[in-house]
Amino acid sequence: MEKEDAEGATPEQYRFSLLGRASPLDYCNTVDWHSSPESKDRLHGYPDLLDWGAAAGSISAEERLALLEAAEARPLEAAEAFREGIALRETLFRLFTAAAHEADPAAEDVEVLNGWWARTQRKLELRYETNEYRWTWRTDDVAGDLFRPMYPVVREAVELLLSPKRRNVRRCEGPPGCGWLFLDHTKNRSRRWCSMRDCGNRAKMRRFHEKRKGNRENEG
Ligand SMILES: [Zn+2]
């Protein structure tokens, strides 16, 4: 199923937009109007992080429940995981914004991602099955580490930054300051809006009004 396809989506998938076409980008898009001073966060605490992880597929439904239970038993740890998770999101937002603008990233942001990557690798296991090697997530003691929902996001972020697809990362130009990130797969890399239905329409309306205003001024 295409991420943009809302048909058959769970309530959680409606709650969180998954149109970025990559989990680190969707994770950044848990803030509305991310590049505006009036941004609105969709994540308010550790349980929201788990809901997002389950909706985006970074954890399974069972893992979500196990982590929720663990977070209730260890609230200080859950609060820290939430804080760090949000800090990671903002780091990713800056890194992918730099990629979208073909600018150099801040060295501190690369450093922070390196720290997360080191932790993430410890959760991965190389397996050989049916003639193929592949990475799998360690499933022993999932609830022992409340940072668990972040690791698949970190892994995908690192892979995306290393791949030529990095050049397809875009930041929505929608007014005012949408700032959502997405992968542009159009042939001539011309997609400008996170979604045509939303920011695309708003921009079209704005252009229409500006043109009308311009015409009136020319006539007058
Ligand atoms: Zn947008």
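Throughout, residues of each chain are indexed from 1 in the direction in which the sequence is written. Thresholds applied to this predicted model are a pLDDT of at least 70 for local features of residues and 80 or more for the giving and counting of side-chain atom pairs; totals over whole chains, interfaces and linings are not thresholded and use all residues. The basis for every side-chain value is the complete set of heavy atoms in the structure, and neither hydrogens nor water enter the calculation.

Asks: What is the right way to read the overall build of the protein chain from this model?
Replies: Counting from the N terminus, the helices are the DSSP runs of H or I reaching at least four residues and the strands are the DSSP runs of E reaching at least two. Helix and strand content of the protein chain: eight helices and six strands. Scanning the protein chain from its N terminus toward the C terminus, one meets helices and strands in the order α-α-β-β-α-α-α-α-β-β-α-β-β-α. Over its C-alpha atoms, taken along the principal directions, the protein chain stretches across nearly 75 × 40 × 40 Å. Only protein chains enter the calculation, and the probe is 1.4 Å; a residue is then buried if its accessible area is under 20% of its type maximum, exposed if over 50%, and partly exposed in between. Counting only residues that meet the buried cut, the protein chain has 42% of its 220 residues in that class. Pairs of residues are marked as contacts when any of their non-hydrogen atoms sit within 4.5 Å. Restricting to contacts in the protein chain with at least 6 residues of sequence separation, those with at least 24 account for 58%. Residues scored as positive are Lys and Arg, those scored as negative are Asp and Glu, and His as well as the terminal groups of each chain are ignored. For the purpose of locating charges, the reference atoms are NZ of Lys, CZ of Arg, CG of Asp and CD of Glu. Of the side-chain charges in the protein chain, 36 are positive and 38 negative, and the distance between the mean point of each set is 7 Å.

Asks: What should I look at first to understand unusual backbone geometry in this one?
Replies: Both trends apply: most residues other than glycine have a negative phi, and most peptide bonds are in trans. With phi around 40°, Thr130 is a residue other than glycine that occupies positive phi space. Within the fold, Thr130 resides in the loop between strand E3 (124-129) and strand E4 (132-137). Judged by its relative accessible area of 75%, Thr130 is exposed. Its identity is not glycine, yet Asp141 carries a phi of approximately 55°, on the positive side. Given a relative accessible area of 60%, Asp141 falls into the exposed group.

Asks: Looking at this structure, I do not really get the pattern of salt bridges. What am I missing?
Replies: Pairing between side chains of opposite charge can happen when the charged atoms of each approach one another. Salt bridge, as used here, is a side-chain nitrogen of Lys or Arg placed within 4 Å of a carboxyl oxygen of Asp or Glu. Scanning the model with the defined rule gives 15 salt bridges in all. Taking the shortest distance from any N to any O, the salt bridge between Asp32 and Arg42 comes out at 2.8 Å. Of this pair, Asp32 sits in strand E1 (residues 31-32) while Arg42 sits in the loop between strand E2 (40-41) and helix H3 (46-56); the two residues are ten residues apart in sequence, bridging distant segments of the chain. Taking relative accessible area as the criterion, Asp32 reaches 14% and is therefore assigned buried. Connected through salt bridges with shared partners, the residues Glu125, Arg127, Glu129, Arg134 and Arg138 form a single ionic network.

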